[in-house]
Every structure is written in C-alpha cells, then in structure tokens.
Amino acid sequence: MIAAILLSLFVAGSDYQKQLDLAGENRLEIEQAIREVPEIQQAGMAWLLTHMPEDDLKTLTGEFLLENCDLAYEAWNNAPWKDKISEEVFFDCILPYANVNERRDNWRGDFRNIFLDVVKEASSPTEATILLNKNLYDMVDVHYSTERPKADQSPYESIEAGMASCSGLSILLIDACRSVGIPARFTGTALWYNESGNHSWIEFWDDGWHYTEANTGEVDAAWFDGSAAKATKGDPLKAIYSVTWNEGDQHFPLVWLPNVKTYGGIDVTDRYAEELETVLVPLRVRAINSDGERQIVRVVVFNDEGELLVEGSTKNERADANDHLTFMLPKGETFTLQSDNDAVEVIINSELIIDLKANSLTRRGAQLFASQLWEQVDATLEDNVVEYEGK
C-alpha cells in the first residue's frame, strides 16, 4: 500500500517541488536521482527523497542516491530472510544511507563486499547480526575508546581513527547490518536514570525488534540492562529512543547536538522496562591504576561472616565508560570487596561505584590482609591447643 502511494507520487513529478526547492543549487542532482532510478526502485527513491534530512537534499549527488538505492534493494532482495522484512521496515531501516548527523560516507558497496562472506551461513537476521558483531571490529581494526576524535563518527571516520565510542561503534554495526539486508537502527538514551552518562546501541529486526551491544555476541542482554529497566518513558532525556526517518511528533535526542531535532525518535522504553527486585542494589567496581586508567583485576566479595559470595573481573578502557563490573547485593548488609592490592568494606544503602587501586598495595588492603592473617594464626593456635589438650 505504501509503495503504491509513493509510486503515484513519483509519477506525478510535481509532488517533488518541495524537495527540489529545498535542494536549491543541488536541484540537478535530485532531478537525476528521480529521472534515472529504475522503475522497480521508484517507491524506495520516493520514500528516501521525501524523508531524508533537508541538508542532504542540498549536498548529496544523484549518483550517490542512485547507488545507495540500488545496493539497498540488492541487499534486501538477496537476503535469505527477505520474506520477514516488510516494505515499511525496509524503507526505514535498510534504505537510509545514514543514521543521524554523521558524515555521509558511501559505505554500502565496500561493506557489502567485506561483510557478505561473514554472514553467508546465517539463516536469520539474529544469526547474521551476532556474526557481524563478533567479527567486524577486528576486521576493520576499530575498538572502543573515549579518546576517539568525536562522538558522531561516520563509519570511515571510525576506521581512519581506529577507535570509536559507543555511538561510532553502533553506527558501524548498523551500516554493516544494512549492507547485508538486516534492518537495523540507532538506539540509546541521552541520560541514564542515575545521571551517570548516556549510551548508544543498536536494534535489529527479526520477527520483532531485538537489541545488542556493539562488540559483543549477546542478543537481548547487555551490561546496561539494569539501568535501561529504570528508564523513564516520555522523558526527553531519560527515556530510550530509536531513530526513525518516518514523520512523527518526537525526535531522537543527540547528546552532542542537543538543539538539533532533525531526526525522528520512537520511544521504546517499554521494551526495556521490567520489575526489578528492590532489595538488590547495584554495586559497581572499577580498578584504577596510577594514571587514572581502568584495569582488569579480579575482585571477590565476602559477607560480614567472611564467606565468599561472588567474584568477577573489572573492565579496562576498551569497555564503555559506563560499563563496570557490577554486583547486585542486598540492601542494608555489609560486604568486603577485595583484590590483590586493595580491599574495602561497604554498607549497601544505595547505588555505589567503588574504585580499587590496581598498581600497588594500599594501606586499607594491607590492614585487611594483616587482619585475615592474624585470624588464620589464631584459628591454627586454637586448633593446636584443642588437639594438645585432647590427646
């Protein structure tokens, strides 16, 4: 139905007058896209021209738009899961050449050549997304770093820098997905409920929307699940939104361009919200070296009776800045966190981030280790006395 409406608009060329007027000096390029698109792709080109950001009408070439449209249709038509993808989903989540305001790179042909082989054995969008997520970052040598040049990097900007934050990593994965016919979209929150920062990830379509964190192999599970579950629906900052190029009343909040409302947003908070156990409180742990950098360190947690409850490893700088080793612990109880060099006793009353020293033995660590040693000595002496008196 949507395709028929768009096709009728396409045939009635005067309906593009608004787009042609907005294109200004770039009008000839837009006219070329209208004139040369194959008939079978006219509905897609019509959707693109009537939904693309206005600034792009003034700058993108006809050749760029024609190639993007052709390769998007090729990816969709040749995907083993094409029957699962409606035209509406294709238009909004495969056809667009960009996600938000990142630089407009001509990535489709390159990415299809590179990544089609990665997903050749996949029989579903989920399998293909997992394969891409596990492999693409090493293939293009791009890894997480807050030292990246900027947040809103295009795919080629991230590849040139060899690094990206969560936004750049997500854009890379979304474009890789779209290049092989997986509908994908940019998703995130401008501010977590506890105001610890923002985050971006991706959603992809496989008989419904699913999510994944960049550079992992997990689907519908991520380090941020606990925080996402506390997002506030309808809040411009603390809700969770997915980008859409369809028209709507909401916009996607760009943290790096807070006044820009160009890109539509869908409030998807309900997908992540869940009832959490209120008696359990997240305790997040970092291990910091003398340069202030996060290190991977084994951490164990004891209760106030000295019993080992749980253990895990902290994250280094290749993990997202808000991705920390997290323990869910009962509120109101006392616990001891211990690493090889440090230790700290905490009472769980509210959410905490604990920093342990990673390089050298701390005074509090030495005090705890000495105390534990004396307890062992006392226990050994007591056992020896009992054994002597009972001989």
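Model, not experiment: these values are computed from the prediction.

Novice: I would appreciate a short explanation of the overall build of the protein in the present structure.
Specialist: When you go through the protein residue by residue, the secondary structure sums to 14 helices and 14 strands. Looking at the 391 residues of the protein, the share that counts as buried comes to 50%. Here the contacts in the protein between residues at least 6 apart in sequence split such that 61% fall between residues at least 24 apart. Surface exposure of the protein reaches about 19,000 Å², of which carbon and sulfur atoms provide 48%.

Novice: I keep staring at unusual backbone geometry and nothing clicks. Help me out?
Specialist: When glycine is set aside, most residues are seen to have a negative phi, and most peptide bonds are trans. Located in the positive-phi region is Asp-141, a residue other than glycine, with phi close to 55 degrees. Note that Asp-141 resides in the loop between helix 9 (125-140) and strand 1 (143-144). Even without being a glycine, Asp-220 presents a positive backbone phi close to 60 degrees. Within the element layout of this structure, Asp-220 appears in the loop between strand 5 (209-212) and helix 12 (225-228).

Novice: Which parts of the structure should I look at to understand helix 11 (residues 166-179)?
Specialist: What sets the pattern is the α-helix's 3.6 residues per turn: residues three or four places apart point alike. Along its 14 residues, helix 11 runs 20 Å from first to last C-alpha, staying within 8% of the 20 Å computed at 1.5 Å per residue. Burial analysis of helix 11 places 14 of its 14 residues in the buried class, the great majority of the element.

Novice: Help me understand the sheet that holds strand 11 (residues 325-330) in this model?
Specialist: The pairing of strands in a sheet happens through backbone hydrogen bonds and is either parallel or antiparallel. The 3 strands are arranged 11-8-14 in an open sheet whose pairing can be described as mixed. In this open sheet, the two edge strands, each paired with only one partner strand, are strand 11 and strand 14 (352-357). Here the average twist between neighbouring strands, direction ignored, is 30 degrees. Direction of pairing for strand 8 (residues 280-288) relative to strand 14: parallel, over a ladder of 6 bridges.

The rules we used
Residues numbered from 1 in each chain as written. Predicted model: local features only at pLDDT ≥ 70, side-chain atom pairs only at ≥ 80, totals over all residues. Heavy atoms only, no water. Helix = DSSP H or I, 4+ residues; strand = E, 2+ residues; numbered from the N terminus. Buried < 20%, exposed > 50% of the residue type's maximum accessible area, 1.4 Å probe, protein only. Contact = heavy atoms within 4.5 Å. Areas by Shrake-Rupley, 256 points an atom, 1.4 Å probe, with all protein chains shown as cover. Expected span 1.5 Å × (residues − 1). Pairing = 2+ DSSP bridges. Axes fitted to C-alpha atoms, helices over the stretch in contact; angles between N-to-C directions.

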